Amino acid sequence: MALSNSFPRQGDKQNSGFFEEYLERLLQERDSIGLTDMIDQIEALMITVDPGQSIRYIGELALMTPYQYLVTLESKSHWTHVLRIDMHSPDLLIREVKDKRTRGIFRSLNEVYPIGARKPNSRYMGEVLRVLDMHGVVECQQQRQFRFFSQDDVRKLELPGNLAIVKPSPYTHNIVCYMERPPEQLRIYALGNSSINPEVQDVYLAAKELQKKLRIHDLILPIDHLATRIYSQNREVAILEWLSLSSYYYWGSYNISDQNSSTNVTKSVHHNSEMYSPAKVFTANNTPYFVNHLDGLPSPTETFARNYGPRLHHIAMAVRDGETDGRENIEHVVSQIAAQGRGFLLDVIGSRDQGLKQIFSSASEHSSLIIEYVQRFGDFQGFFTKENVAGLTHAAGVEEELLELQAQSQAEPG
Ligand SMILES: [Fe+2]
């Protein structure tokens, strides 16, 4: 039986008595009823984009990550492109809505936020988790009051019919889906007609060719972590909710006081390496936006949540430890990609002595998601240094402010 409460605690952020009590009770019960063992790794991530965006987005991802284009599943009002590295790390499902008038629950989640509304269909939707017994897991989660989309809803949403899909979290707005698959079987998504789209294939092959030419193709590794930004008051409940839905444990939280923010990390109980199942990170302001003027505190994390809604902020890709042409690999990767016209929000920060180096790209014009690169040196296990996170959070906040001003200047007066 898994022991989800047995991992050493990291970090310096204090949690409430409520959090500590329920963390222990929830994980203990999850282990004892066998739910922790029934839920395994993150199998796939789902991202939706607006009409006309998916092919260029796949070109971007094929250059910036190790993902390969596999197949396109066509249904009545969506194309769903499947990208894969291998069966050890999660797939990416990139869905494009065909008609910009398409409406639905996921679009509604964007529409009440000023910047989110500008790309109404573009959002990170959530994760698919592999389970060994779909029926057992769904039954357990229904007993915990989690609500699922009905089979009919899933069909109308044009999401794979072999998923059980929990309705969006009130705290993160993300969804969690379950998919049953024995370890030796390939991943199959029951949706529409599958074919290789020649246009996607061309863009993908050109990007992979360029990756080779730039000598970055074997330096970028699978996803290291996924970082979701949420409102300050939801920090503890968002973590506990995710732990109830998954087989992750609470690694710990760091207070980034410079940016009035905290970084809260959860990791898979079953997989030591993030390459198999990425860490899930939640970032939240320490104090809500309307009190920050009293203490003159910055608020980049909550500003993001207010502009886009709670949602995924970045996907971090690991970079292989080592050097290329006398530079650390992360420096080489970033300068080669930047030379192709892709922007980065700051210079690479951190150092070998601190254990890791990190950087944020600018947000994708297709998905609004940032790509982080992270290179760890030697056996460093951490996710960040406090100085790095403060620098990254600040840089993302500056871009955010510019976008907000742009949105305001384009808004109708009156
Ligand atoms: Fe990160």
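Before any of the text, the structure's been laid out above.
Conventions we followed
- Residues numbered from 1 in each chain as written.
- Predicted model: local features only at pLDDT ≥ 70, side-chain atom pairs only at ≥ 80, totals over all residues.
- Heavy atoms only, no water.
- Helix = DSSP H or I, 4+ residues; strand = E, 2+ residues; numbered from the N terminus.
- Buried < 20%, exposed > 50% of the residue type's maximum accessible area, 1.4 Å probe, protein only.
- Contact = heavy atoms within 4.5 Å.
- Areas by Shrake-Rupley, 256 points an atom, 1.4 Å probe, with all protein chains shown as cover.
- Lys, Arg positive; Asp, Glu negative; His and termini not counted.
- Charge placed at Lys NZ, Arg CZ, Asp CG, Glu CD.
- Donors = N, O, S within 2.8 Å, 3.2 Å for Na, K, Ca; no water.
- Pairing = 2+ DSSP bridges.
- Axes fitted to C-alpha atoms, helices over the stretch in contact; angles between N-to-C directions.
- Polar contact = N/O pair within 3.5 Å; in protein donor to acceptor, adjacent residues only side chain to side chain.
- Patch = residues over 30% accessible without salt bridge, like charges linked within 9 Å, V, L, I, M, F, W, Y side chains within 5 Å.
- Salt bridge = Lys/Arg side-chain N within 4 Å of Asp/Glu carboxyl O.
- Phe/Tyr/Trp six-rings, centres within 6.5 Å; stacked < 30°, edge-to-face > 60°.
- Lys NZ or Arg CZ within 6 Å of the ring centre and 35° of its normal.

Caption draft 1: The arrangement of the overall build of the protein chain in detail. Secondary structure assignment for the protein chain yields 12 helices and 19 strands. Taking the principal axes of its C-alpha atoms as reference, the protein chain extends roughly 55 × 55 × 50 Å. When the 414 residues of the protein chain are sorted by exposure, 59% land in the buried category. Taking as baseline every contact in the protein chain between residues at least 6 positions apart, the subset at least 24 positions apart corresponds to 71%. Accessible area of the protein chain: about 17,300 Å², with a carbon and sulfur share of 51%. Taking the average location of the 41 positive side-chain charges in the protein chain and that of its 52 negative ones, the two points are 5 Å from each other.

Caption draft 2: Summary view of the coordination of the iron ion. Distances from the iron ion to its protein donors, namely His-225 (NE2), His-314 (NE2) and Glu-372 (OE), fall within the range 2.0 to 2.2 Å. Of note, the donors binding the iron ion are all from one chain and are spaced H-x88-H-x57-E. Of this pair, His-225 sits in strand 10 (residues 220-230) while His-314 is found in strand 14 (residues 311-319), placing the two residues 89 residues apart along the sequence. Just as His-225 is buried, His-314 falls in that class too.

Caption draft 3: Structural context of the sheet that holds strand 4 (residues 78-84). Ordered by their spatial adjacency, eight strands build an open sheet running 7-8-6-2-5-4-3-9, and the pairing between neighbours is mixed. Since the sheet does not close on itself, it has two edges, and those belong to strand 7 (163-165) and strand 9 (193-195), each with one partner. With direction set aside, neighbouring strand axes in the sheet form an average angle of 25 degrees. Note that strand 4 and strand 5 (residues 91-97) share six bridges and pair antiparallel. Looking at the pairing, Thr-80 lines up with Arg-95 of strand 5.

Caption draft 4: Broad picture of the side chain of Thr-301. Checked against the element boundaries, Thr-301 lands in helix 10 (residues 300-308). A distance of 3.1 Å separates a polar atom in the side chain of Thr-301 from a polar atom in the side chain of Ser-261. The residues contacting Thr-301, other than those within four sequence positions of it, are Arg-229, Ser-261, Thr-283, Ala-284, Asn-285 and Thr-393.

Caption draft 5: The arrangement of the sheet that holds strand 10 in detail. Pairing within the open sheet is mixed, and its nine strands lie in the order 1-11-12-13-10-14-19-18-17. Each of the sheet's edge strands pairs with one partner strand only, and the pair in question is strand 1 (10-11) and strand 17 (349-351). Of the strand pairs in this sheet, strand 10 and strand 14 are connected by seven bridges, and their pairing is antiparallel. Paired with Arg-229 across the bridge in strand 14 is Arg-311.

Caption draft 6: View of the environment of Pro-183. Mapped onto the fold, Pro-183 is located in the loop between strand 8 (175-180) and strand 9. In sequence terms Pro-183 and Val-131 are 52 residues apart; their C-alpha atoms lie 9.8 Å from each other.

Caption draft 7: View of a nonpolar patch on the surface. The grouping of Phe-18, Tyr-22 and Leu-26 at the surface amounts to a nonpolar patch, some 240 Å² of accessible area in total. With respect to the helices and strands, the residue Leu-26 is situated in helix 1 (residues 17-32).

Caption draft 8: A look at the environment of Met-64. Relative to the helices and strands, Met-64 is located in helix 3 (residues 54-64). In the structure, Met-64 is positioned 273 residues away from Ile-337 in sequence and 7.4 Å away in space, judged by C-alpha atoms. Setting aside residues up to four positions removed in sequence, Met-64 forms contacts with Gln-211, Ile-220, Met-317, Ile-337, Arg-342, Ser-361, Ile-371 and Tyr-373.

Caption draft 9: Seen up close, the packing of aromatic side chains. Counted under the stated rule, the structure contains 11 aromatic pairs. Consider the rings of Phe-106 and Phe-149, whose centres lie 6.3 Å apart with planes at 55 degrees: the pair is tilted. Of the two residues, Phe-106 sits in helix 4 (residues 105-111) while Phe-149 sits in the loop between helix 5 (134-143) and helix 6 (151-157), which places them 43 residues apart along the sequence. You can call Phe-106 buried: its relative accessible area is 11%. Take Phe-149: its relative accessible area is 10%, and that puts it in the buried class. Across from the ring centre of Trp-242, 4.6 Å away, lies the NZ or CZ of Lys-280, which sits over that ring.

Caption draft 10: Looking closely at the side chain of Gln-211. Of note, Gln-211 is situated in helix 7 (residues 198-213). At 3.1 Å, the side chain of Gln-211 forms a polar contact with the side chain of Lys-208.

Caption draft 11: Examining helix 11 (residues 329-338) more closely. Among the 10 residues in helix 11, seven count as buried, and that is most of the element. Along helix 11, the residues classified as buried are Asn-329, Ile-330, His-332, Val-333, Val-334, Gln-336 and Ile-337.

Caption draft 12: The pairing of strand 13 (residues 279-285), seen in detail. Within strand 13, seven of the seven residues are buried, which leaves the element mostly enclosed by the surrounding structure. Neither face of strand 13 is open: one carries Ala-279, Val-281, Thr-283 and Asn-285, the other Lys-280, Phe-282 and Ala-284, and all of them are buried. Pairing geometry for strand 10 and strand 13, over six bridges, is parallel. Directly across from Leu-226, in strand 13, lies its bridge partner Lys-280. Two elements, strand 12 (residues 261-268) and strand 13, share six bridges in a ladder whose sense is antiparallel.

Caption draft 13: Examining the pairing of strand 8 more closely. A large share of strand 8 lies buried, amounting to five of its six residues. With six bridges connecting them, strand 6 (residues 123-131) and strand 8 associate as parallel partners. Looking across to strand 8, one finds that Arg-130 is bridged to Met-179. One ladder, built from three bridges, connects strand 7 with strand 8; its direction is antiparallel. Residue Ala-164 lies in a different strand from strand 8, and its bridge partner there is Tyr-178.

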